[in-house]
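Given next are the chains, with one letter for each unit.
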Amino acid sequence: MLRARKLRQIMKHAQPPTETRTVFLVLTFDVESEYGSHRVGGNGVAASQFLGNIQNVSENMTIFVQGSLVQQNSEILRSLERQGIEIGLHGYRHELWGPAQWYLADRPLTLQEKKSLLEAGMEAFRAAGLRSPAIFRSPNLVADTSTLQLLAEKGFRVDSSLPSHRGLLPVPVFFGGPEGLIRIPVTVDPTPSLSRKGLLPYYRYLVFDLKNLKEMKTGELLQHVSRIVVLQETLGFLPHLVILCHSWEFLNQSAEEWDYCCPANFEFLRNLDSILSENFSVRHVSMSTLAEQFKGNKTDAVSSCSVLE
Ligand SMILES: [Zn+2]
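Residues numbered from 1 in each chain as written. Predicted model: local features only at pLDDT ≥ 70, side-chain atom pairs only at ≥ 80, totals over all residues.

Caption draft 1: Structural detail: the overall build of the chain. Helix and strand counts for the chain stand at 9 helices and 11 strands. Within the chain, buried positions represent 39% of all 309 residues. Considering only contacts in the chain between residues 6 or more positions apart, those separated by 24 or more positions represent 71%. (Helix = DSSP H or I, 4+ residues; strand = E, 2+ residues; numbered from the N terminus. Buried ≥ 20, exposed ≤ 12 C-beta atoms within 10 Å, placed from the backbone. Contact = placed C-beta atoms within 7 Å.)

Caption draft 2: The arrangement of the packing of helix H4 (residues 111-127) against helix H5 (residues 145-153) in detail. Where H4 contacts H5, the two axes come as close as 11 Å, and the packing angle between them is 35°. Between H4 and H5 lies a crossing whose hand is right-handed. For the pair H4 and H5, the contacting residues are Leu 111, Lys 114, Lys 115 and Leu 118 in the first and Ser 146, Thr 147 and Leu 150 in the second. (Axes fitted to C-alpha atoms, helices over the stretch in contact; angles between N-to-C directions. Left-handed = near helix turned anticlockwise from the far one by under 90°.)

Caption draft 3: Region of interest: the nonpolar core. Counting residues in each nonpolar core, the largest one holds 73 residues, and the members touching the most others are Val 26, Val 31, Ile 63, Val 65, Val 158, Phe 208 and Ile 243. The element best represented in this core is strand E1 (residues 22-31), accounting for 7 residues. Setting aside residues no more than four positions away along its own chain, Ile 63 makes contact with Phe 29, Val 31, Ile 85 and Ile 87. (Core = buried A, V, L, I, M, F, W, Y, C linked by C-beta atoms within 7 Å.)

Caption draft 4: Molecular detail of H4. Here H4 spans 24 Å end to end across 17 residues, near enough to the 24 Å set by a 1.5 Å rise per residue. In the core, the buried residues of H4 are packed alongside strand E3 (86-89) and H5. Among the residues trailing H4, Gly 129 stands out with phi positive, at a value near 75°. (Expected span 1.5 Å × (residues − 1).)

Caption draft 5: Expanded view of helix H7 (residues 218-234). With 17 residues, H7 extends 24 Å between its outermost C-alpha atoms, agreeing within 8% with the 24 Å of an ideal straight helix rising 1.5 Å per residue. The set of residues buried in H7 consists of His 224, Val 225, Ile 228, Val 229, Leu 231 and Gln 232. For H7, the arc enclosing every buried residue in end-on projection is 165°, short of the 170-degree limit, so these residues lie on one face. Just beyond H7, the residue with positive phi is Gly 236, at close to 90°. (Arc of directions from axis to C-beta.)

Caption draft 6: Layout of the environment of Asn 60. Structurally, the position occupied by Asn 60 is in the loop between helix H2 (44-53) and strand E2 (62-65). A tally of 20 C-beta atoms within 10 Å means that Asn 60 is categorised as buried. Between the C-alpha atoms of Asn 60 and Thr 289, which are 229 residues apart in sequence, the distance is 9.1 Å. Sequence-distant contacts of Asn 60, defined by excluding residues within four places in its chain, comprise Gly 84, His 284, Val 285, Ser 286 and Thr 289.

Given below as structure tokens:
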């Protein structure tokens, strides 16, 4: 249990919060056709409907849009950008930007395919009259070094593809030197809990995605957040939470697996915000604004120990 030992060591020196902490909150939404990689007959209309509904949800949100959806939604995307919503890229057709995964049928992209699809995505932004995308989140949080190199070469500044579901410290990692990428993971509590799939026990990490957040009781949520805040401060980073939602989670779905999806999830996010605001001084920021806060950390040696392996 190397991970647990390392974590205990870090937390031993942590100071519990004694005053109201400022916590930067980034609401992020992956906008995709169908259900991400679960291609079971959804379509791009759902994504358009979602984009039409998020106008007044919160200030300073960030959306990651599949490149192939940009053209048909260019008008609403321009309007969202004018309102200050930050728009990043979420692959082109929800491909695999890293190694094969046992739970996905997708095959990994070749370097040439990555290059073409990244350029196609950027071209879609240009043709739609949007700012060139500077932030990226890979589908299924799978990205390898060649993807990161390409992103840096193409002028991307922030990547949010770290594999939070596999357990990592909820702090940024820096790739490619001062002009490279700031990698900010979707928030995860790195203390694992033991779960069971049939007879097989396995460790599960609590990722701050909409489904997990909806299943959590308020006390549990605050416990996780407090632990994450202390950990981030101990490692020299400003406390922050990056929450992951998907466009299809805000529409009623017929499949049982997705029965937590509904338009009322916008209300759920507002309530979540209220609960956090009662306990922390919450500042809503976009992904890029959050990344700006970490520029001073770039030379910090602590950042290199982000993945607990
Ligand atoms: Zn996705």
